[in-house]
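Results of the structural survey
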Amino acid sequence: SPVATTSGIYYKRLGKVTKPFYPANDVYSPADNLDFSSKIVEGASEGDIDLLEVYRLKEKLRIRDSASALPALADTTFLDNLKLIRLEKDEVRVTVAALLFVGKTTSISRLLPQAEVIYLHYSDEAQTEYDNRMDMQEPLISILDKLTERIRTYNHLTNVQVGLYRLEVYDFSEAVFQEALLNALAHRSYEETAPIYVKHYPTKIVIENPGGFPEDINESNIITHQSIPRNKLIAMTLQHLKYVQRSGQGVDIMYQSMLTEGKPYPEYTSTPNSVRLTLRSTMENQNFVHFIAEMQDKRSKMFTLSELMILHYLREHQKITLKQAAKTIQESDNNAHKVLNSLRDEGLLELNGKTYMLTLKVYETVKTDVAYVQDKTVNQIQAKGRIVEYLQHKPWITNQKAQELCGFNKNQTYYILRQMCKDGILQPVGKCRGTKYKINK
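The text that follows walks through the structure, step by step, so that each part is easy to find. (Residues numbered from 1 in each chain as written. Predicted model: local features only at pLDDT ≥ 70, side-chain atom pairs only at ≥ 80, totals over all residues. Heavy atoms only, no water.)

Within the chain, the secondary structure is distributed over 16 helices and 17 strands. Split into buried and exposed, the 441 residues of the chain put 45% on the buried side. Residue pairs at least 24 apart in sequence account for 57% of intrachain contacts in the chain once pairs closer than 6 positions are excluded. (Helix = DSSP H or I, 4+ residues; strand = E, 2+ residues; numbered from the N terminus. Buried < 20%, exposed > 50% of the residue type's maximum accessible area, 1.4 Å probe, protein only. Contact = heavy atoms within 4.5 Å.)

Structure, rendered in structure tokens:
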């Protein structure tokens, strides 16, 4: 924690060094912070490396990538190729990442005690006391394996019938949980003394790790912002060992998997010194899961994350504008327009004025045909209300002005105005293009 002198200067201890501390600038910046995971651990030696853990890593890599030549290398050469150790004058220098991947448990506890993960299980959402606890100061992959096994113990399965095959949806997807945990292990601040907490409830898993988001990254751009790994050597090692596809892709995988399974978005909350991720297990709409699976089977390709996010938004809301779509997918208006048009070309969306809504065939699967008529009618009622309100202050309205007001195209606006005339609400004045409409007193 920061401490201050009597003269008002704040300091913060970073490892064995004390440096001036500026609270307003307490944000991780790769320009100002060297990769902590690549630093040499003072006091560590070759004897702190667990050769059995090295063997396990090699065996796991053989399974994950049979074409890799790394497992055939001698142990020291294997670690040197991964840049986990440095050879200086026949002496093996151990990095922080090496200790975290292949260090002995006793060595991690002695040399890097903050590298700890604490698992807590709660039988009830409202429970304040855990009923199961597991403290781990072990190599990262061992921690991943142990926690994966623990999640399996409590995981429940839901079957969704899609045509002739059955889709199995677990409370917590292993792929999603592992990506979330690996992100926490790779991006946490190892200069902070706090551990990573994994809190397991019946309907959610909460992962809390020390160290805030890197600069410029926040909850509203985490999907599209370029990855800034806090511990680059850890991230690169996970990539070489085939535990991640590429650096920074984990968030995309989590979002895409959870939306495909009808789950809520992963929820990120952050402070300058911590990040909390919540993964919820509740399947919000089984019909939506059925629809996504069936459509992906018909089109022989997966929906992109942007397409899934827009479909998910429209499942919850009646309509979406271009601006709302851009904000939802965290992209530019131009990219959002391309995604909307692509879904429209496939017959999944229709343009209703300047807003998009699901087509009737999607409503029949995800909602109901009645809901489709209701939502479309609501849009027309809102348009009529805007026209009447406008004419409370103006003597007349034209088709073009009504288009601007309601967000409809020319033909849709003409239909609305004609209906209002039939209902006796409006009275047309003039003919053809010169027609104006005034309120029928």
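For the rest of this paragraph, the subject is the environment of Arg56. Checked against the element boundaries, Arg56 lands in helix α1 (residues 51-64). Given the relative accessible area of 37%, Arg56 is considered partly exposed. The sequence separation of Arg56 and Val102 amounts to 46 residues, and the corresponding C-alpha distance is 9.3 Å.

In terms of burial, strand β6 (residues 117-121) is largely enclosed, as five of its five residues are buried. What you see with β6 is no split at all: Val117, Tyr119 and His121 on one side and Ile118 and Leu120 on the other are buried throughout. Sheet analysis places β6 next to strand β7 (residues 132-136), joined by five bridges and oriented antiparallel. The residue of β7 that forms the bridge with Tyr119 is Met134. (Pairing = 2+ DSSP bridges.)

Attention shifts here to the nonpolar core. The biggest cluster of nonpolar side chains holds 97 residues, and the ones touching the most others in it are Phe101, Leu147 and Val198. Counting residues in hydrophobic clusters, the runner-up holds 13 residues, among them Ala383, Ile387, Phe408 and Leu417. (Core = buried A, V, L, I, M, F, W, Y, C linked by side-chain atoms within 4.5 Å.)

Its location among the elements puts Asn221 in the loop between β11 (204-210) and α7 (232-240). For Asn221, a relative accessible area of 17% gives the class buried. Of the polar contacts made by the side chain of Asn221, one reaches the backbone nitrogen of Asn218; its length is 2.8 Å. The contact partners of Asn221, leaving out residues within four places of it in the chain, are Asp216 and Gln330. (Polar contact = N/O pair within 3.5 Å; in protein donor to acceptor, adjacent residues only side chain to side chain.)

Right, let's talk about unusual backbone geometry for a bit. Across residues other than glycine, the phi torsion is negative in most instances, and most of the peptide bonds are trans. Positive phi outside glycine occurs at Lys83, with the angle close to 65 degrees. Locating Lys83 in the fold gives a position in the loop between α2 (75-81) and β4 (85-88). For Lys83, a relative accessible area of 60% corresponds to the exposed category. Of note in the backbone geometry, Asp90 takes a positive phi value of approximately 65 degrees without being a glycine.

If you walk through the whole model with that rule in mind, you get 20 salt bridges. The residue Arg152 makes a salt bridge to Glu149 at a minimum N-O spacing of 2.5 Å. Here Glu149 and Arg152 lie together in helix α5 (residues 140-154), a separation of three residues that amounts to about one turn. Look at Glu149 and you get partly exposed, because its relative accessible area is 45%. Note that Glu284 is salt-bridged to Arg315, the shortest N-O span being 3.0 Å. Linking Glu284 in the loop between β13 (274-280) and α9 (286-299) with Arg315 in helix α10 (residues 305-316), this pair joins segments that are 31 residues apart in sequence. Look at Glu284 and you get partly exposed, because its relative accessible area is 37%. By relative accessible area, Arg315 is classed as buried at 12%. (Salt bridge = Lys/Arg side-chain N within 4 Å of Asp/Glu carboxyl O.)

A few words now on the packing of aromatic side chains. Under the defined criterion, the tally for this structure stands at three aromatic pairs. For the pair Tyr122 and Tyr201, a centre-to-centre distance of 4.6 Å together with 10 degrees between the ring planes defines the contact as stacked. Of the two residues, Tyr122 is situated in the loop between β6 and β7 and Tyr201 in the loop between β10 (196-200) and β11; the sequence distance between them amounts to 79 residues. The same class applies to Tyr122 and to Tyr201, which are both buried. Ring geometry for Phe213 and Tyr268: centres 6.0 Å apart, planes at 50 degrees, overall tilted. Placement of the pair is Phe213 in the loop between β11 and α7 and Tyr268 in strand β12 (residues 267-271), with a sequence separation of 55 residues. Comparing Phe213 with Tyr268 shows no difference in burial state: the two are buried. If you follow Lys199 out to its NZ or CZ, it ends over the ring of Tyr197, 5.7 Å from the centre. (Phe/Tyr/Trp six-rings, centres within 6.5 Å; stacked < 30°, edge-to-face > 60°. Lys NZ or Arg CZ within 6 Å of the ring centre and 35° of its normal.)

Side-chain positions along a regular strand alternate between the two faces of the sheet. Burial along strand β5 (residues 91-94) is one-sided: Val92 and Val94 are buried, and none of Glu91 and Arg93, which face the opposite way, are. Both β4 and β5 contribute to a ladder of four bridges, which runs antiparallel. Residue pairing in the sheet places Glu88 in a bridge with Glu91 of β5. Counting the residues in the hairpin turn of β4 and β5 gives two residues, including Lys89, whose phi is positive at 55 degrees.

The values reported here are purely geometric and, on their own, carry no functional implication.
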